[in-house]
Protein chains: 2
Amino acid sequence: MFSHLKSFQALKNLSSHPIDLSSEGVFNKKRVKEMALSEAGFDFLYAAERVTPEVIEALYALALETKTQEKMVAMQAGEVINEIEGIESEKRSVLHTAMRDQFDHPQESQASSKAARMARTELDKLEAFMNEIEDKFTDLIQIGIGGSDLGPRALYLAAKAFELPQRRVHFISNVDPDDANHVLNQVNLEKTLVVVVSKSGTTLETLTNEEFVRARMAKVGLNPKHHFIAVTGEKSPMDDPSRYLASFYMWDFVGGRYSVTSMVGGVCLSFALGFRGFKELLKGAHAMDRHVLSADLRSNLPLLSALLGVWNRNFLHIPTVAVIPYSQALSRFTAHLQQLDMESNGKRIDKMGSFVDFSTGPVVWGEPGTNGQHSFFQLIHQGTDPISIEFIGFRKSQYVIDLEVEHTTCQEKLLSNLFAQSIALATGKKSDNPNRFFPGNRPNQILLADRLDLKTLGSLLSFYEHKVVYQGFIWNINSFDQEGVQLGKVLASQLLSLFRAKREKKNPPSYDLGEAYLDFL
Amino acid sequence: MFSHLKSFQALKNLSSHPIDLSSEGVFNKKRVKEMALSEAGFDFLYAAERVTPEVIEALYALALETKTQEKMVAMQAGEVINEIEGIESEKRSVLHTAMRDQFDHPQESQASSKAARMARTELDKLEAFMNEIEDKFTDLIQIGIGGSDLGPRALYLAAKAFELPQRRVHFISNVDPDDANHVLNQVNLEKTLVVVVSKSGTTLETLTNEEFVRARMAKVGLNPKHHFIAVTGEKSPMDDPSRYLASFYMWDFVGGRYSVTSMVGGVCLSFALGFRGFKELLKGAHAMDRHVLSADLRSNLPLLSALLGVWNRNFLHIPTVAVIPYSQALSRFTAHLQQLDMESNGKRIDKMGSFVDFSTGPVVWGEPGTNGQHSFFQLIHQGTDPISIEFIGFRKSQYVIDLEVEHTTCQEKLLSNLFAQSIALATGKKSDNPNRFFPGNRPNQILLADRLDLKTLGSLLSFYEHKVVYQGFIWNINSFDQEGVQLGKVLASQLLSLFRAKREKKNPPSYDLGEAYLDFL
C-alpha cells in the first residue's frame, strides 16, 4: 500500500519541516528560474510549491517505486488496467489516448492499434457527415450528462473564439425541465441538429431530455428522424437507424470523463469548429500523450504536477485544490476537471481491494482569474486553512484585439495579476496591523503556454487527464470506475415508484424514508 | 474568543461521540419528520445532519452566548458593526437590508431609515429611467467584477424564465480581453445599454473594460454618452454627467458581495425583468430580513443553518461545504455564495484584533444536481474526506412545461434524485464488495420551497446573506471587510510597471521576483 512504501516514509520525514516560502529571501529569483520546466509547448513553474530539491528527489523516487512510467506505457498500449484484484470489477482497457492516436508514432500493440482504427472509422464517418450537412443546420443541441456534457461544454466554450460563423452549440444535461425549456427557447428547431449521447443508451436524464425535445419537434411539425443523431455504444437501444439520422460509436474502453476526444466531443466540436478544427485539438492531445511516453522522468510535465499534488495532499495535508485559469475562455474548464479528478480519484479502496489508510483525491474547484481575486481569494490569502492552487496562463489572448489603457494592454494586466498572486501567496506580508498580515506559504504552481489555440487546448486537456491518471497510479487506486454513483441511482428509482403510485393513486410500495421526505411535498 | 466560550466546550464534549447516521435505524421516518422547520416560505430539513436534540440545544446556547440576535438587530438598525477594535478599520454600518426595507414594518432607527430613503430615491430614479428608455435598447452589458458581477449574474440567470421578451443581459468582468471581445461579438451596439459598476470608480478591471467597450462604440460611430450608465459612489470619478446618460448611487454601508439588491443588481435586473419584477425580488429579500428579526430563536431558518454549519466546521472538522441546487436556473448561484461566504468569513483575526485559534469560513463550492451526481458525487460518497452538503430544491419548475416519461414528470425525477442523495449520503450501504461499500454519515441539509419565482429568489438570496452573517457573529469576526485582497493588488501594480517599462524600452524599476517571472514571457 502507498503508505507502506519506502519513498512514502522518506517524504513523511521530509514533511516534518517543510520549507517556509514566507521566510526572508527563500522565494527568490534564482529559485524561480531553477524550478521551471519547458516541455511540449508549456512552461511549468513550481518555485511557489513548498518543495526543496530533496523533496523533488524523493518524489521522483516515489514515481519510480510506484512504477508510474510502466503503468502509463501499459495504459496506452491497451492492457487491462481498469480492474481491482480479487473482487468483481470492470476488467477493461483504458484507451482514450487511442482516440487521438491518428498522427505520428502510432501505438503498436494489438489492443491499442485496433482501438485507434475503430476511432479512425468514426472520424471518417464524422468528416463525411459534416460535409454532407453543409449549411443545413445553424444550431446543435447536445443532450448528455456527466462526461457527455462537462468536457464537451468546457472545450466548446474554450474554443468559441474559433467557431465557424453561423454555428452555435447548446447543451441540455439536467433532468430539471427548466434546462430543456431554456435551451429550446433559444433555437429554431427547423435548423437544429440534436446529438444524444449515452454509451449504454439508458441514462435516465438523457433519455428523458431526448423525449422532451422530440415531443417539442413533433409539436412544431418536424420529423425528429431528420434531426437526431446518436452517440452511443454499438447495438445499444439507441443504435437505431429508424430513429436517428446517424449513429456514432463509443466503447467501454473510453470512460465518460475521458471521452471528450471521442465522438462524445467530436460531433459537437466538429460542428462548431469544422472537422479540421477538431483534428487540431486531437493533434494537441496526441502531442501530450506522446510527451508523457517519451519524456524522461524529470521532463515529464503531468507527472511532476501529479507528484507535487501528492506532496500537498498526503504530506502537507491540504484538502482542496483550486484551479484558476487566467483565461475567461476556460470558465468551465475547472468544472470538467472537477469531474475528471474527483470521479477518478475519489476512492477509498486500492487496486488490491483493501481500504486505504491515506487521503486520495482532493476537492477540486475554482473560477477564472482575475475574477476569483475579487471573490474567494480573501479566504485563500487570510483564511485559516491553506489551499493549494494551480494557475493556468497564456502569453497572448485568443482574439487578437486588445487595447492599451494607461500604457499596458489587457493581456499584460491579466498576466501581471497572475504572477502577482503567485508571489503574494508564496511570500505573504508582515504587518503590525494583524488584519493586514498575510501568512503566505500558500503553495501554487503555474502552467504557462503561448496562446489558447485549438492545439494547445488539446494538449491542456490531455495534460490534466494524465496528471489525474498518474496520481491514481501513485496511490494504486482504480481511476477508471465509479461505483460510488450507484446507490443514489437505486434509491432515486425507489422514490420514483412512490411518485408514480401517488400520481396513479395506487398504494405506494413501502419505503419509509422516501415517504418521510415526500410528505414535505 | 469563540473557542473559550462555555457553549464551545459543551459542543466539543458532545462532538467526541457524534451520532452515526449510518447505524441501523438511526436515520428513520420519525427523525425526518421531527427535524424540520417550516418558515417564511421554506421547509428546512436537517435530519441528515449529524446532530442530536442535545447538540441542537447546545447550538442554541451558543447562539445565545454569542448574542446572535442582538447583533442582527444592531446590524439592521444601522449600528457600526464593520470594525475591529483597537486597529485601523473601516468603521461602517452594514445596511444591505435597507436596500429592500421599502415594504411593511420599516426599520425605525435614524441610520437605517435614512439609508432606506436613499435607496428609495435611487429606486424612483430607476423606475423613471426604465419608463423613459421604453424599447430603445434590446441588450444591456454590465461591466463590473466581484460583487458587481457574481450576484447580479447569478440572479439574472436564475430569473431568466421571467425575462421580458426582446431583452438580454450580458456581463463583462474579467480583464482578459477575450471576455470583452466575446460579449461584443454577440450584441448590436446601437441598441445596447452599458452599465459600468464600481463603487470607488477606480477598479482596474472595470475601467479597462469600460475603455474597451467605449473604443468599440466610437469605432462604429456611436456616441458612448448615449449608451453608458454609471453605478457608483456619489462624487466618485465616475459620477460624471458629461460621460454618462445617468448615474445611480451606491454607498459604503453596502458591501460589494451584499450589493445585489442595491443599484448594482437593480439596473440590469430591472432591464431584464421589468422594474416590477425587481421589486418582487426585493419584497422576497425583505420578507427574509423580517423573518430573522421576528422569528424566535428556534424558528429562525438562517440561524439554524448557520449553527449547523459551525457544528460541521468547528466540531466535526469538515473543511468544505458543497451547495447543490436541484435547479438549473441556479447554475451560478453557488459562485455567488462562494464569494459571499469565503470573502466574508475567510478571516484569521476576530473583532478584538486577535488571531483566532479555530477554523473560520470553509471552502464553498458546488454545481447543480442532478449534474453533480454524474461528476464529483463519486468522491462525496466514497472519497476519504467527508464533505457537508446543502441541497436546495423546489416542488415546481419555473417554466410550467413538463413531460411525463415512463409515468413520472421531469420535476418528479429531479426531486426523487434530490431526496435519494440525501438519504444515500446519510445512511450509506453495507456490502461484502469493498468497492460497493458506502460509509454514509455524510451530513447534509435540504432547503425546499414551492417554486423559484422572483419573490422566492429574493428570499433565498437573503437567507444566505443572513446565514453567512450569523456565522460571522458566532465566530466574532468581521464579515464585512476584505483586507486579504490588497497585497495582490499592490504586487500586480508593481508588475505592471515592469510591463510598461519593457514596452517603452526604458530601464525597468527593480523588482526581482517580478522580473524572474516575466523572464518566462
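These numbers were taken from a predicted model, which means no experiment stands behind them.

K.L.:
Which parts of the structure should I look at to understand the domain arrangement of chain A?
P.N.:
Where interface size is given, it is often the accessible area lost as the parts come together that is meant. Residue and element names in this part refer to chain A. Taken domain by domain, chain A comprises domain 1 (2–65 + 295–481), domain 2 (93–279) and domain 3 (485–518). The C-alpha centroid of domain 2 is placed 32 Å from the C-alpha centroid of domain 1. Listed by partner, the interface residues are 19 residues for domain 1 and 21 residues for domain 2. Counting only elements with at least two residues in the side of domain 1 that touches domain 2, the list comes to α11 (333–345) and α14 (454–475). If one sorts the elements of the side of domain 1 that touches domain 2 by residue count, α11 sits on top with 7 residues. For the side of domain 1 that touches domain 2, the per-class residue count stands at 11 nonpolar, 5 polar and 3 charged.

K.L.:
Looking at this model, I keep getting lost on the nonpolar core. Mind explaining?
P.N.:
Nonpolar side chains in soluble globular proteins tend to end up buried together. Ranked by internal contacts, the top residues of the largest apolar core, which has 311 residues, are A:Val195, A:Val231, A:Leu307, B:Val195, B:Val231 and B:Leu307. When residues in this core are grouped by element, the largest group, 14 residues, is from helix α9 (residues 263–294) of chain A. Residue contacts for A:Leu307: discarding those within four places in its chain leaves A:Leu59, A:Leu62 and A:Ala63.

K.L.:
Honestly, the sheet that holds strand β11 (residues 363–365) of chain B in this entry has me stumped. Any pointers?
P.N.:
By definition, the strands of a sheet pair up through backbone hydrogen bonds, in either a parallel or an antiparallel sense. Residues and elements named next belong to chain B. The sheet built from 6 strands is open, its strands ordered β1-β2-β15-β12-β10-β11 with mixed pairing. Because the sheet does not close on itself, it has two edges, and the strands there are β1 (36–39) and β11. Looking at each pair of strands side by side, their axes are set apart by 15 degrees on average, direction ignored. Strand direction decides the pairing type here: strand β10 (residues 320–325) and β11, joined by 3 bridges, are parallel.

K.L.:
Quick question: what am I supposed to make of the packing of helix α5 (residues 110–133) of chain B against helix α9 (residues 263–273) of chain B here?
P.N.:
In a packed pair of helices, the relevant descriptors are the angle between the two axes and the axis-to-axis distance. Residues and elements named next belong to chain B. Between α5 and α9, the least distance of the axes is 11 Å, while the angle of their chain directions is 20 degrees. It follows that α5 is roughly parallel to α9 by the angle criterion. Pair α5 / α9 crosses with right-handed handedness. Here Glu 122, Leu 126 and Met 130 of α5 come into contact with α9, specifically with Met 263, Gly 266, Val 267 and Ser 270. A breakdown of the residues in the contact of α5 with α9 according to their chemical character gives 4 nonpolar, 2 polar and 1 charged.

K.L.:
I would appreciate a short explanation of helix α13 (residues 410–427) of chain A in the present structure.
P.N.:
One turn of the α-helix equals 3.6 residues, which is why residues spaced by three or four share an orientation. Residue and element names in this part refer to chain A. Taking 1.5 Å per residue as the helical rise, α13 with its 18 residues ought to reach 26 Å, and the 26 Å between its terminal C-alpha atoms agrees with that figure. Of all 18 residues in α13, 18 are buried; the element is thus mostly enclosed. Just past α13, the residue Gly 428 takes up positive phi, approximately 65 degrees.

K.L.:
Explain the environment of B:Glu57 to me, please; I cannot follow it from the model alone.
P.N.:
Note that B:Glu57 resides in helix α3 (residues 53–65). Residues B:Glu57 and B:Leu11 lie 46 residues apart in sequence; the distance between their C-alpha atoms is 9.6 Å.

K.L.:
When you look at the interface of chain A and chain B in this model, what are you seeing that I'm missing?
P.N.:
If you look at the interface, chain A gives 121 residues, while chain B gives 121 residues. Among the elements that make up the side of chain A that touches chain B, the one with the highest residue count is α13(A) (12 residues). Of the residues belonging to the side of chain A that touches chain B, the class tally is 53 nonpolar, 42 polar and 26 charged.

K.L.:
What is the right way to look at the pairing of β10(B) in this model?
P.N.:
Residue and element names in this part refer to chain B. Counting buried positions along β10 gives 6 out of 6 residues, so the element sits mostly inside the fold. Where burial is concerned, the two faces of β10 agree: the one with Thr 320, Ala 322 and Ile 324 and the one with Val 321, Val 323 and Pro 325 are both buried. For the handedness criterion, the β-α-β arrangement of β10, helix α12 (residues 333–345) and β11 is classed as right-handed. As paired elements, β10 and strand β12 (residues 388–394) share 5 bridges and run parallel to each other. Looking at the pairing, Val 323 lines up with Glu 390 of β12.

Calculation criteria
- Residues numbered from 1 in each chain as written.
- Chains lettered and ligands numbered in written order.
- Predicted model: local features only at pLDDT ≥ 70, side-chain atom pairs only at ≥ 80, totals over all residues.
- Domains from an automatic or database assignment.
- Contact = placed C-beta atoms within 7 Å.
- Helix = DSSP H or I, 4+ residues; strand = E, 2+ residues; numbered from the N terminus.
- Nonpolar A, V, L, I, M, F, W, Y, C, P; charged D, E, K, R; others polar.
- Core = buried A, V, L, I, M, F, W, Y, C linked by C-beta atoms within 7 Å.
- Buried ≥ 20, exposed ≤ 12 C-beta atoms within 10 Å, placed from the backbone.
- Pairing = 2+ DSSP bridges.
- Axes fitted to C-alpha atoms, helices over the stretch in contact; angles between N-to-C directions.
- Parallel < 35°, antiparallel > 145°, perpendicular 65-115°, else oblique.
- Left-handed = near helix turned anticlockwise from the far one by under 90°.
- Expected span 1.5 Å × (residues − 1).
- Right-handed = clockwise from strand over helix to strand, strands pointing away.

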